[in-house]
Amino acid sequence: MPAKGKHRRPKQNPITRKLALAGTGGAALTLPLISATTAGAAGTGAPAATVTAVTAATAAVNVAAAPPTTYSVVVGDTLSEIAADHSVSGGWKQLYEANRAVVGDNPSVIRPGIKLTLGAQVKAATAAVKAAAKPAASYANNLDGWIRESLDVMAKHGIPGTYNGIHRNVMRESSGNPRAINLWDINARNGIPSKGLLQVIDPTFKAYHVPGTSTDSYDPVANITAACNYAAARYGSIDNVNGAY
């Protein structure tokens, strides 16, 4: 019994006490969200929606406070865009200098999948949201889609060429049939018939195959990309090809 005139300090609800202690540790990102419903059921008077909103804000602050140090390149990225999105000190030039070993000699060409070192100054929360919202490229399974996908691959590898240049040569060589094969010319008589949309012989396809595309010479995207790579080396661009090659 307490002495007269004094009041016993009410015991703190054990759930609330655990929540308060947990909020000061490294698990603060998960525990408040899990305990929001429990606290409401225990009659603390704190609406679950309010606790969740606070948790979301806290999570955003914690994410920003622990920024990633690397970024994985996706289709469509450029060094200038990545530098701006992540507030890289020194801009794209500094980003390029820090990653020259993985990017190569041409800063305008960065391959999807490579990891760039960003440095300390990044906007982690913004970058995460953008990466999640950025849809993967989608291409139709027809001549238009094959050409567009090839152009995207070519852009990443610095291979010149335009839609019209590719389309014109495809229609002349195969009429748009990816399974086309020439069984009567000199190549065929030599046992290496021309195949696919741009009628490429196997030795040429293997020599100019572009990484990231199929190793099947009949594959539309692989065939177009290899042919454009060969045309760039021999003629400067597929756009300069107006006859058989």
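It should be noted that the structure appears before, not after, this text.
Residues numbered from 1 in each chain as written. Predicted model: local features only at pLDDT ≥ 70, side-chain atom pairs only at ≥ 80, totals over all residues. Heavy atoms only, no water.

### Some thoughts on the overall build of the protein chain
Right, so step 1: Along the protein chain, the regular secondary structure elements total 12 helices and 2 strands.
Right, so step 2: Beginning at the N terminus, the succession of helices and strands in the protein chain can be written as α-α-α-β-α-α-α-β-α-α-α-α-α-α.
Right, so step 3: Here the protein chain holds 245 residues, and 31% of them are scored as buried.
Right, so step 4: Accessible area for the protein chain stands at about 14,500 Å²; split by element, carbon and sulfur atoms hold 57% of it. (Helix = DSSP H or I, 4+ residues; strand = E, 2+ residues; numbered from the N terminus. Buried < 20%, exposed > 50% of the residue type's maximum accessible area, 1.4 Å probe, protein only. Areas by Shrake-Rupley, 256 points an atom, 1.4 Å probe, with all protein chains shown as cover.)

### Focus: the packing of helix H8 (residues 143–157) against helix H9 (residues 163–173)
Right, so step 1: In the contact formed by H8 and H9, the axes pass within 10 Å of each other and the chain directions differ by 130 degrees. The pairing of H8 with H9 is recorded here as oblique in orientation. As H8 packs across H9, the resulting crossing turns out to be right-handed. For the pair formed by H8 and H9, the contact residues are Leu-143, Asp-144, Ile-147, Arg-148, Leu-151 and Met-154 on the first element and Tyr-163, Ile-166, His-167, Val-170 and Met-171 on the second.
Right, so step 2: Taken together, the residues that form the contact of H8 with H9 break down as 8 nonpolar, 1 polar and 2 charged. (Axes fitted to C-alpha atoms, helices over the stretch in contact; angles between N-to-C directions. Parallel < 35°, antiparallel > 145°, perpendicular 65-115°, else oblique. Left-handed = near helix turned anticlockwise from the far one by under 90°. Contact = heavy atoms within 4.5 Å. Nonpolar A, V, L, I, M, F, W, Y, C, P; charged D, E, K, R; others polar.)

### Considering the pattern of salt bridges
Right, so step 1: Taken as a whole, this structure holds 4 salt bridges when the rule is applied.
Right, so step 2: For Lys-195, the salt bridge is made with Asp-202, and the minimal N-O distance between the two is 3.1 Å.
Right, so step 3: When its relative accessible area of 15% is taken as the criterion, Lys-195 is described as buried.
Right, so step 4: Relative accessible area serves as the criterion here: at 25%, Asp-202 is assigned to the partly exposed category. (Salt bridge = Lys/Arg side-chain N within 4 Å of Asp/Glu carboxyl O.)

### Some points on H8
Right, so step 1: The first and last C-alpha atoms of H8 sit 21 Å apart over 15 residues, in line with the 21 Å expected at 1.5 Å per residue.
Right, so step 2: Every buried residue of H8 is accounted for by Leu-143, Gly-145, Trp-146, Ile-147, Ser-150, Val-153, Met-154 and Lys-156.
Right, so step 3: Tucked into the core, H8 has its buried residues touching H9 and helix H12 (220–235).
Right, so step 4: One side-chain oxygen of the residue at the start of H8 lies 3.2 Å from the amide nitrogen of Asp-144, identifying that residue as Asn-142.
Right, so step 5: Gly-158 sits one or two positions beyond H8 and adopts a positive phi of about 70 degrees. (Expected span 1.5 Å × (residues − 1). Polar contact = N/O pair within 3.5 Å; in protein donor to acceptor, adjacent residues only side chain to side chain.)

### Some words on the packing of aromatic side chains
Right, so step 1: Applying the stated criterion across every chain yields a total of 1 aromatic pair.
Right, so step 2: When the ring of Tyr-208 is compared with that of Tyr-230, the centres are 5.3 Å apart and the planes differ by 75 degrees; the resulting orientation is edge-to-face. With Tyr-208 in helix H11 (residues 202–208) and Tyr-230 in helix H12, the pair connects residues that are 22 residues apart, well separated along the chain.
Right, so step 3: By relative accessible area, which is 11% here, Tyr-230 ends up buried. (Phe/Tyr/Trp six-rings, centres within 6.5 Å; stacked < 30°, edge-to-face > 60°.)

### A look at unusual backbone geometry
Right, so step 1: Its identity as a non-glycine residue notwithstanding, Ser-87 has a phi of 50 degrees, on the positive side.
Right, so step 2: Note on placement: Ser-87 falls in the loop between helix H4 (79–85) and helix H5 (91–98).

### Side note on the layout of surface pockets
Right, so step 1: Reported here for the largest pocket is a volume of approximately 250 Å³.
Right, so step 2: Contributing to the lining of the largest pocket are 15 residues, with Pro-112, Val-153, Pro-211, Gly-212 and Thr-213 lying nearest its centre.
Right, so step 3: Ranked by residue count, the leading element in the lining of the largest pocket is H8, at 5 residues.
Right, so step 4: The class makeup of the residues in the lining of the largest pocket is 6 nonpolar, 4 polar and 5 charged. (1 Å grid on protein atoms, 1.4 Å probe; cavity = no way out; pocket = protein on both sides within 12 Å on 5 of 7 lines; lining within 4 Å. Points joined across faces, edges and corners; volume = space filled by probe spheres on them.)

### With respect to the nonpolar core
Right, so step 1: Counting residues in each nonpolar core, the largest one holds 22 residues, and the members touching the most others are Ile-166, Ile-224 and Cys-228.
Right, so step 2: What Ile-166 contacts, discounting residues up to four positions off in sequence, is Ile-147, Leu-151, Met-154, Leu-198, Ile-224, Cys-228, Ile-238 and Asp-239.
Right, so step 3: Grouped together as the second largest cluster of nonpolar side chains are 13 residues, Tyr-71, Val-73, Leu-79 and Ile-110 included. (Core = buried A, V, L, I, M, F, W, Y, C linked by side-chain atoms within 4.5 Å.)

### Things to note about H12
Right, so step 1: With 16 residues, H12 should cover 22 Å at 1.5 Å per step; its first-to-last C-alpha distance of 21 Å lies within 8% of that length.
Right, so step 2: Turning to H12, its buried residues number three or more, namely Pro-220, Val-221, Ala-222, Asn-223, Ile-224, Thr-225, Ala-226, Ala-227, Cys-228, Tyr-230 and Ala-231.
Right, so step 3: Buried residues in H12 make contact with H8, H9 and H11.
Right, so step 4: Where H12 begins, the side chain of Asp-219 points an oxygen toward the backbone nitrogen of Val-221, at a separation of 3.2 Å.
Right, so step 5: Just beyond H12, the residue with positive phi is Gly-236, at close to 100 degrees.

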